[in-house]
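A look at the structure
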Amino acid sequence: MKSDERIIRALMESVREDIRAPESLRADVMRRVHAIRVPVWRRALDWVLRPRTLRLSPAGGLAAAGALAVVLYLGIGSMGGGTPADAPVAQENDEPAPTRFVFIAPEASTVEMTGDFADWDPGAIRLRDERGTGVWIADVPLEPGVYQYVFIVDGQEWRPDPQAVSQVEDGFGRENSVVIVSEAVEL
Amino acid sequence: MNRVSLGSRLGRLVMAVGLVMAAGLAIPESVTAQDPDFESRVPPEVLSVVRPVLQQASADGLPVSALQAKVLEGMAKRVPAQRIGEVVAGLAGEFRAVRAGLQEQLPSVALTDPELVAAAMASRQGVPTDALARVWQSRPDASTMEVPVTVLGELVRRGVPIPDAVGVMSHVVNSRVPMNVAAQIPGRFDGARGPDTPPGAALGQALRMLNIPDPPIRGKGRGPGG
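Quick look at the structure, then. (Residues numbered from 1 in each chain as written. Chains lettered and ligands numbered in written order. Predicted model: local features only at pLDDT ≥ 70, side-chain atom pairs only at ≥ 80, totals over all residues. Heavy atoms only, no water.)

With respect to helix α4 (residues 44–59) of chain B
Residue and element names in this part refer to chain B. When the terminal C-alpha atoms of α4 are compared, their 22 Å separation across 16 residues agrees well with the 22 Å that a helix rising 1.5 Å per residue should span. The largest bend in α4 is about 40°, located at V50, with the proline P52 one to four residues further on. Those residues of α4 not exposed but buried are V46, L47, V50, V53, L54 and A57. In the core, the buried residues of α4 are packed alongside α3 (36–39), α5 (64–76) and α6 (81–105). A positive backbone phi angle near 75° is found at G61, which sits one or two residues after α4. (Helix = DSSP H or I, 4+ residues; strand = E, 2+ residues; numbered from the N terminus. Expected span 1.5 Å × (residues − 1). Bend = angle between axes of the 7 residues up to and from the residue. Buried < 20%, exposed > 50% of the residue type's maximum accessible area, 1.4 Å probe, protein only. Contact = heavy atoms within 4.5 Å.)

Section: the interface of chain B and chain A
Taken together, the contact pairs 27 residues of chain B with 25 residues of chain A. Of the roughly 2,100 Å² buried between chain B and chain A on both sides combined, carbon and sulfur atoms contribute 60%. Counting across the chain B and chain A interface gives two salt bridges. Measuring nitrogen to oxygen at the nearest pair gives 2.7 Å for the salt bridge that ties D170(A) to K77(B). The interface formed by chain B and chain A includes eleven residue pairs in polar contact (both at pLDDT 80 or more). When contributions to the side of chain B that touches chain A are tallied by element, the ones reaching two or more residues are α5, α6, α7 (113–124), α9 (146–157) and α11 (179–182) of chain B. (Buried area = accessible area lost by both parts, 1.4 Å probe. Salt bridge = Lys/Arg side-chain N within 4 Å of Asp/Glu carboxyl O. Polar contact = N/O pair within 3.5 Å; in protein donor to acceptor, adjacent residues only side chain to side chain.)

Describing the side chain of H171(B)
Residue placement: H171(B) occurs in helix α10 (residues 162–174). There is a polar contact of 2.9 Å between the side chain of H171(B) and the backbone oxygen of P213(B).

Description of the pairing of strand β8 (residues 175–181) of chain A
Residues and elements named next belong to chain A. The element β8 is largely enclosed, with a buried count of six among its seven residues. Bridging between strand β5 (residues 145–153) and β8 involves five bridges; their strand directions are antiparallel. Each bridged residue has a counterpart across the sheet, and for Y147 the counterpart in β8 is V179. Between strand β7 (residues 166–169) and β8, which pair antiparallel one after the other, the connecting turn spans five residues, and G171 there sits at a positive phi close to 90°. (Pairing = 2+ DSSP bridges.)

Details of the nonpolar core
Counting residues in each nonpolar core, the largest one holds 78 residues, and the members touching the most others are W136(B), L152(B), M169(B), V172(B) and I185(B). Of all the elements, α6(B) adds the most residues to this core, at nine residues. If near-sequence neighbours (up to four positions away) are discounted, L152(B) is found in contact with V127(B), L132(B), V135(B), A165(B), V166(B) and M169(B). Formed by 19 residues, the second largest nonpolar core is a distinct cluster that contains A108(A), A138(A), V140(A) and V179(A). (Core = buried A, V, L, I, M, F, W, Y, C linked by side-chain atoms within 4.5 Å.)

Considerations on the packing of aromatic side chains
Residues and elements named next belong to chain A. The full count for this structure, using the stated rule, is five aromatic pairs over all chains. Plain terms: the ring middles of F117 and Y147 are 5.7 Å apart, the flat faces sit at 75° to each other, and that makes the pair edge-to-face. With F117 in the loop between β2 (111–115) and β3 (125–126) and Y147 in strand β5, this residue pair connects regions lying 30 residues apart in the sequence. Taking relative accessible area as the criterion, Y147 reaches 14% and is therefore assigned buried. Members of the aromatic cluster, connected to one another through ring pairs, are F101, F103, F117, Y147, Y149 and F151. Across from the ring centre of W158, 5.8 Å away, lies the NZ or CZ of R174, which sits over that ring. (Phe/Tyr/Trp six-rings, centres within 6.5 Å; stacked < 30°, edge-to-face > 60°. Lys NZ or Arg CZ within 6 Å of the ring centre and 35° of its normal.)

Overview of a nonpolar patch on the surface
Residues and elements named next belong to chain A. Together, W41, L45, W47, V48 and L49 give the surface a local cluster of nonpolar side chains, amounting to about 610 Å² of exposed area. By secondary structure assignment, the location of V48 is in helix α3 (residues 40–49). According to the relative accessible area criterion, V48 is exposed, its value standing at 57%. (Patch = residues over 30% accessible without salt bridge, like charges linked within 9 Å, V, L, I, M, F, W, Y side chains within 5 Å. Areas by Shrake-Rupley, 256 points an atom, 1.4 Å probe, with all protein chains shown as cover.)

Comments concerning the packing of α4(B) against α5(B)
Residues and elements named next belong to chain B. For the pair α4 and α5, the least separation of the axes is 10 Å and the interaxial angle reads 165°. When the axes of α4 and α5 are compared, the pair comes out roughly antiparallel. Crossing hand, α4 versus α5: right-handed. Contacts between α4 and α5 pair V46, V50, L54, A57 and S58 from the former with V64, L67, Q68, V71 and M75 from the latter. Looking at the contact of α4 with α5 residue by residue, the classes come out as eight nonpolar, two polar and no charged. (Axes fitted to C-alpha atoms, helices over the stretch in contact; angles between N-to-C directions. Parallel < 35°, antiparallel > 145°, perpendicular 65-115°, else oblique. Left-handed = near helix turned anticlockwise from the far one by under 90°. Nonpolar A, V, L, I, M, F, W, Y, C, P; charged D, E, K, R; others polar.)

Some words on unusual backbone geometry
A positive phi is found at D119(A), a non-glycine position, where the angle reads about 55°. One can find D119(A) in the loop between β2 and β3. In this structure, R78(B) is a non-glycine residue whose phi angle is positive, near 60°. Inspection of the secondary structure assignment puts R78(B) in the loop between α5 and α6. Here R78(B) falls in the exposed class, since its relative accessible area comes to 77%.

Here we look at the packing of α7(B) against α9(B)
All names here are of chain B. For the pair α7 and α9, the least separation of the axes is 8 Å and the interaxial angle reads 5°. Between α7 and α9, the interaxial angle falls into the category roughly parallel. Contacts between α7 and α9 pair P114, E115, A118, A119, M121 and A122 from the former with E146, V149, T150 and G153 from the latter. Tallied by class, the residues present in the contact of α7 with α9 amount to six nonpolar, two polar and two charged.

Structure below.
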């Protein structure tokens, strides 16, 4: 046999030999696999994204659909709808909600009002009688609190409000009316 | 040429500045805390009468704005200056008395100005201090007591027995009934009150009209009105 043939034969035989891994290879590889830490979020994400097969009977499917419909109905219903009848409308700006004052004086030419919310300036607030019926109205923005006030008829006659929640002595021999302005919405 | 001792001059200047600053700190706040806006609207004859009262009230931590409002009210109603001074001094005295009475029973209570003003008005309407304190004690949080105390005073003024009024308002406060609902109690009471309807019964009707749950039965085994 020529030398070249012997070399080739040796190479061929070496290729045919079974490759045997060392006994410790498997253990070494598994030890390195276990050492790799997968973040919890990644494991959770993999769990969520992994497709699964859901088996559901027709009856079970109908029940699930019905339950979903109820949930959607209740959810949509709570988002929409109106406000309670006695809940004041929220202001879009930062100004407090106006408090309406009404004074009936058919004989009056002018009606003004003042109080501690106006530093008792006699001409601070002028009521309006737009329809000429003697029903005078003013809308005054007031922060929540308790206020005293009076009406002034024709610039001269100071009168309490007969519709007020209360009349209190002013200490000067007259009476002031009291209004309670409460929070717009209590949560 | 005389030599100028800059060190001694500088030292005297520093000392002078320090003395002025110390004097400024020593002057009572009641004197220095002037209200130019308020005083510009008050004529001298009125200001001379009310200023000492307002200064003392400020030093005592009383609701000065409420006292100033009473001054302006008196001026608007053309009340003589002396009378304005008397009324303002009397009001300040009411504030002191009510605050002292409440703090004696509730040492940890911190009264806001609106609460103290409302408590003074309720006291004037016939609510004793211990009744005010009982309603205050029922407060479950730091929400203002201005409206509940005002309503309490209104009920007592309308003839509701004090225990009934206190029981109802304590219940209203403790149950966190919205204040826009509580504020309607006096008006509803007026609507329910008739010649044959005792105040307690009218109060019970008022609560039902406002959907306010009945308060716990009082010691005598009955709620308001029955």
